[in-house]
Amino acid sequence: GILTGTGNVTVTGTATLNGGSHRGAGQTIIGNTATGTLGSSFDLDSGRQLVNHSANLSATAGNFNLNSSNSVGSGSMINNGSFTVNPGTSFFQIFATNFGSTDNGADALFTNAGTGTLVKNGAGILYVDTRFTNAGTLTINQGEVNLRRASTYQSGSSVSGAGTLVLNDSIG
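Computed from a prediction, not measured in an experiment: that's the story for all the values here.

Cut-offs and rules
- Residues numbered from 1 in each chain as written.
- Predicted model: local features only at pLDDT ≥ 70, side-chain atom pairs only at ≥ 80, totals over all residues.
- Heavy atoms only, no water.
- Helix = DSSP H or I, 4+ residues; strand = E, 2+ residues; numbered from the N terminus.
- Buried < 20%, exposed > 50% of the residue type's maximum accessible area, 1.4 Å probe, protein only.
- Polar contact = N/O pair within 3.5 Å; in protein donor to acceptor, adjacent residues only side chain to side chain.
- Contact = heavy atoms within 4.5 Å.
- Pairing = 2+ DSSP bridges.
- Axes fitted to C-alpha atoms, helices over the stretch in contact; angles between N-to-C directions.
- Phe/Tyr/Trp six-rings, centres within 6.5 Å; stacked < 30°, edge-to-face > 60°.

**Q** Any details on the side chain of N52? Residues and values, ideally.
**A** As for its placement among the helices and strands, N52 is situated in strand 8 (residues 49–52). Judged by its relative accessible area of 0%, N52 falls in the buried class. A distance of 2.8 Å separates the side chain of N52 from the side chain of N79, its partner in a polar contact. Sequence-distant contacts of N52, defined by excluding residues within four places in its chain, comprise I30, L57, M77, I78, N79, N80, G81, S82 and F83.

**Q** Talk me through the sheet that holds strand 18 (residues 137–140); I want residue IDs and the actual numbers.
**A** Pairing in this open sheet of 7 strands is parallel, and the strands run 3-6-9-12-15-18-21 from one edge to the other. Each edge of the open sheet carries a strand with a single partner, namely strand 3 (14–17) and strand 21 (158–160). For this sheet, the mean inter-axis angle between neighbouring strands, taken without regard to orientation, is 15 degrees. Strand direction decides the pairing type here: strand 12 (residues 82–85) and strand 15 (residues 117–120), joined by 4 bridges, are parallel. Paired with F83 across the strands is L118, a residue of strand 15.

**Q** Can you lay out the packing of aromatic side chains for me, pointing to particular residues and giving the numbers?
**A** Applying the stated rule across the entire model yields 5 aromatic pairs. Judged by centre distance (6.2 Å) and plane angle (35 degrees), the rings of F83 and F110 are tilted. Taken together, the positions of F83 in strand 12 and F110 in strand 14 (residues 109–112) put the pair 27 residues apart, joining distant regions of the chain. Each of the two residues, F83 as well as F110, counts as buried. One aromatic cluster in this structure is built from F83, F110, F132 and Y153.

**Q** Break down the sheet that holds strand 20 (residues 151–153) for me, citing the residues and quoting the values.
**A** Spatially, 7 strands are ordered 2-5-8-11-14-17-20 in an open sheet, and the strand pairing comes out parallel. Of all strands in the sheet, those with a lone pairing partner are strand 2 (9–11) and strand 20, marking the two edges. Sheet twist, expressed as the average angle between the axes of neighbouring strands with direction ignored, equals 10 degrees. Here 4 bridges tie strand 8 to strand 11 (residues 76–79), and the two strands are oriented parallel to one another. Looking across to strand 11, one finds that N52 is bridged to N79.

Printed below as a string of structure tokens:
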């Protein structure tokens, strides 16, 4: 289904976001006491933000599209909590579809905020095909995090772990 509008929706319990799209200028908020899972297919668009405050947001193999329709404006994710990606031996991809000059996905953004921790487990790959800003902690325990668009690392941010970080575009 599609959730549309400018209002905020807050998850306080357990939620699996899968097979649907959230659109419009509001926020989908994973509260600090919630447990959330991004399923194999979930989309944001038209300025919608997914804001994570939980210590328990996770994803396995699949896709997270931040520009899923030709509605102008992309979605974004802001991680203020802990987001763990474990695609096993497969992959999880954060991307934005290009619908042409007026909606090309260039404004799609994944932000790992100052209080955020992005953890990559499993032998597979986390592809980030949108702009990426890290002000928090990026821990790559296994496998690979492949940043394929412009990345920004702010003062105080950190990257650690035995896995591999691949940078394919500019770093600011």
